[in-house]
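# What the coordinates show
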Amino acid sequence: MDFHFICPSYRYSIMHLSLIFTHSLEKIFHQRELNEGHEITRLSLLKNESLSFQCRYFLQQNDDEPRRQLRYELTGELSSFISVRQVQHVPSLFPCYRATDDDYLTTSPGLFPDPLLPLPDKTFFVNGGYSGSLWLTVNPQNESLPAGKSSVCLQLSDIVSGEILGSVTLEMEVVAKSLPPQTLLHTEWLHTDCLADVYNIEVFSESWWLAVRHYVRCAVNNGVNMMLTPVFTPPLDTAIGGERTTVQLVGVTQTETGQYQFDFSALQQWVALCQQEGITTFEISHLFTQWGAHHAPKIMVYKGGQSVQAFGWQTDAHGPEYRDFLHAFLPALCDWLRAKGLVKHTWFHVSDEPKITDIEAYQRASDLIRSLIGDFPVLDALSDYAFYQQGLVENPVTASDCIEPFLSHQVPGLWTYYCCVQKRDVANRFFAQPSYRNRILGVQLYLYRLTGFLHWGFNFYNSGHSLEKLNPYAVTDGRGAFPSGDLFVVYPGKDFQPVESLRLMVLREAFQDLRALQLLESLTCREHVEQLIAQLAGMQITFARYPRNAQFLQTLRYEVNQQIAGA
């Protein structure tokens, strides 16, 4: 027996399994040695906060036993609040563009840690000679965690022999204060056609609605409070002339006299489901095609005894046919939304990511929409300040690497977003990037008082331009269209349940950081919190400049929690 004593209080190895606890900002690759990790011995959180950490393991190679099946046992006062999942690895052939900065873990294709596999029977397999990790998440689940200091112990044993192979202990402090409700609007676009495609179920079937509920619930649990609502099949990432699976919530009938009638019953079911799961705000799917507003979205219309595609790529967005349709549809939709009390909880989109060369087409589309929706707000992802300067969009959602002109002009109600293009300097969540680059977003949102954050890929499982339907466990980059990590933050799991990624867990912590900073501000003052951040960072943080390490975020949250506890 090879007994290696490492730490009297927090870690030890028996036989050939080595263990340490590390924080959620580590990405543990199979091929890396255990001693590269950063060991932690304590964590601090507020009593309604969800916090993740990891147990990193390394099984010494044994040719006679290439792998072992292990069982975990978790003990401690908070153990009933903690879920344990195994971090799985998925491939990426396209982890990043050729143009990068120095802040990537790797720029090479390979296997990357991301999906968090549930372990309902508390068992999992470990291969000898490779590092791996268990992902532990403290989740209050609508309850308050018991305040005070305690410890949690994770013990691993061989399932065949029952032999205890190792254990590790962590001290935890729950501060007797609660995070305030999230006020920042946060949307991660749910692609309901991808749910139908990946599970091979019919849109609007009982199974489809169940899948929608599970994915909406997961989004809400991770800080999403605004939901993209497909009144028509969203014209997003679709090849010119192509189409995506129809998920149109509004039924449209055209009578023999050419009049339009609308059925909002499926939309009513959608809104009710989302509100039941905690969604507060809705964004109507885009009324014009992406990248220029030149065409109409795919719209199915029942006429002449059958359902036909009446609008789409073949439709001139600015022609009389589509204009007349919108003159009928939008007032009816707005009346329905007003009747449901959603006037202050619904936003509209014109077209996603228009370029400056599209400004005239966007202006015609924007003028038309705004003349028909009254006081309902409009928001769109765009990056050129000229769109706002010319009054074409009241609520710009600005790419994080193009936000400086908007900040310098003090644009009110400003949002931000990032996607595959934001590959240098700014925050993002690619597989190949360190997790602190994902989590720093919360501090940035706080410092610049932003109103909202948008991302296009909660569960986009298609190839680029939706030419193929893909298995996201096998193809993570849309067939080379997007760096892995841009398309989705959840994977399809059993029984229509999403499998969360470690990147989604880190993003949740970013939004909790924002709320913790707001709480400390309410107990002290804005100037105090800003000075604390600058002092610990050693710099004035911008969207492109921030500490390039995990330690800053760990230290900041610990200090914030201590000051909240003592305030």
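The numbering scheme is per chain: residues are counted from 1 as the chain's sequence reads. Given that the model is predicted, a residue must reach a pLDDT of at least 70 before its local features are reported, and side-chain atom pairs must reach 80 or more before they are shown or counted; all residues, however, enter totals for whole chains, interfaces and linings. Only hydrogens and water are removed before side-chain values are computed, so all heavy atoms of the structure are retained for them.

## Thoughts on the layout of surface pockets
Reported here for the largest pocket is a volume of approximately 1,300 Å³. Counting from the N terminus, the helices are DSSP H or I runs at least four residues long and the strands are E runs at least two residues long. When residues of the lining of the largest pocket are traced back to their parent elements, those giving at least two are strand 7 (82-92), strand 8 (110-118), helix 2 (206-221), strand 26 (498-500) and helix 10 (502-523). In this analysis the probe radius is 1.4 Å and the grid spacing 1 Å, with only protein atoms considered; a cavity is a set of points the probe fits into but cannot get out of, a pocket is an open set with protein on both sides within 12 Å along at least five of seven lines, and lining residues have an atom within 4 Å of a point. Grid points are joined across faces, edges and corners, and a volume is the space filled by probe spheres set on the points. The space that makes up the second largest pocket amounts to roughly 470 Å³. Side-chain classes are defined by residue name, with Ala, Val, Leu, Ile, Met, Phe, Trp, Tyr, Cys and Pro counting as nonpolar, Asp, Glu, Lys and Arg as charged, and the others, Gly among them, as polar. Within the lining of the second largest pocket, the residues separate by chemical class into 17 nonpolar, six polar and six charged.

## A short note on the pattern of salt bridges
The rule for a salt bridge is simple: a side-chain nitrogen of Lys or Arg has to be within 4 Å of a carboxyl oxygen of Asp or Glu. Applying the stated rule across the entire model yields 20 salt bridges. Residue R439 pairs with E509 through a salt bridge whose shortest N-O separation is 3.1 Å. Of this pair, R439 sits in helix 8 (residues 436-439) while E509 sits in helix 10; the two residues are 70 residues apart in sequence, bridging distant segments of the chain. Think of it in three bands: residues with accessible area under 20% of the maximum for their type are buried, residues over 50% are exposed, and the middle band is partly exposed, with areas taken using a 1.4 Å probe on protein chains only. Taking the relative accessible area as the measure of exposure, R439 reaches 4% and is therefore buried. For R526, the salt bridge is made with E530, and the minimal N-O distance between the two is 2.8 Å. Residue R526 and its partner E530 are both found in helix 11 (residues 526-537); the two are separated by four residues, about one turn of the helix. Several salt bridges share partner residues, and in doing so they unite E49, R439, E509, D513 and R557 into one network.

## Regarding the confidence of the model for the chain
As a per-residue measure, pLDDT reflects the predictor's confidence and takes values from 0 up to 100. Summing up the model confidence of the chain, the mean pLDDT is 94 and the portion of residues at 70 or higher is 96%. When mean pLDDT is compared element by element in the chain, strand 25 (residues 490-492) scores highest at 99, while strand 1 (residues 3-7) scores lowest at 34. For residues 1-14, every residue scores under 50 in pLDDT, and the model assigns this stretch 28 contacts once sequence neighbours within four places are set aside. Throughout, a residue-residue contact means that at least one pair of heavy atoms, one from each residue, lies within 4.5 Å.

## Here's the deal with empty space enclosed by the protein
Over the atoms a probe the size of a water molecule is rolled, and this reveals where empty space is left. Per the stated rule, a full pass over the model turns up three cavities of 30 Å³ or more. Around the largest cavity sit 14 residues that line it, and P235, T238, G242, K298 and W313 are the ones nearest its centre. Taken together, the residues of the lining of the largest cavity break down into five nonpolar, six polar and three charged. In this structure, the second largest cavity spans a volume of roughly 70 Å³. In terms of lining residues, the second largest cavity is bounded by L190, H191, T192, D193, L228, P230, T233, P234, L236, R244 and V247. Partitioning the lining of the second largest cavity into residue classes produces six nonpolar, three polar and two charged.

## Some points on the pairing of strand 4 (residues 42-46)
Taking burial as the measure, the five residues of strand 4 include four buried ones, the bulk of the element. Bridge count between strand 4 and strand 12 (residues 164-175): five bridges; the pairing is parallel. Bridge pairing in strand 12 places S44 opposite E173. Here the rule is simple: two strands pair whenever DSSP picks up at least two bridges between them.

## Describing the environment of I20
Along the chain, I20 turns up in strand 3 (residues 17-23). Its relative accessible area of 1% is what places I20 among the buried residues. Separated by 99 residues in sequence, I20 and L119 place their C-alpha atoms 20 Å apart.

## Re the packing of aromatic side chains
Aromatic rings in a pair are described by how distant their centres are and how their planes are angled relative to each other. Put simply, two rings from Phe, Tyr or Trp (the six-membered ring, in Trp's case) pair if the centres are within 6.5 Å, and we call them stacked under 30 degrees between planes, edge-to-face over 60, tilted for the rest. One pass over the full model with this rule turns up 37 aromatic pairs. For the pair Y199 and Y215, a centre-to-centre distance of 6.4 Å together with 75° between the ring planes defines the contact as edge-to-face. With Y199 in helix 1 (residues 192-199) and Y215 in helix 2, this residue pair connects regions lying 16 residues apart in the sequence. Exposure class is identical for Y199 and Y215. Each is buried.

## Some remarks on the nonpolar core
Only buried residues count toward a nonpolar core, which is a set of Ala, Val, Leu, Ile, Met, Phe, Trp, Tyr and Cys residues joined through side-chain atoms within 4.5 Å. Ranked by size, the top nonpolar core spans 156 residues in total, and within it W270, F288, F325, F329, F348 and I533 carry the most contacts. For this core, the element with the highest residue contribution is helix 10, accounting for eleven residues. In this structure, I40, L74, L165 and L170 belong to the second largest nonpolar core, which totals 33 residues.

## Description of the side chain of E173
Among the structural elements, E173 can be located in strand 12. Asp and Glu are treated as the negative residues and Lys and Arg as the positive ones, with His and the ends of the chain left uncounted. The buried charged residue E173 lacks any salt bridge, with K149 as its nearest oppositely charged partner at 5.0 Å. A polar atom in the side chain of E173 sits 3.2 Å from the side chain of Q562. With residues up to four places along the chain from it excluded, the contact list for E173 reads L43, S44, L45, G148, K149 and Q562. Here a polar contact is taken to be a pair of N or O atoms separated by no more than 3.5 Å, where protein atoms must pair a possible hydrogen donor with a possible acceptor and residues adjacent in sequence count only if both atoms sit in side chains.

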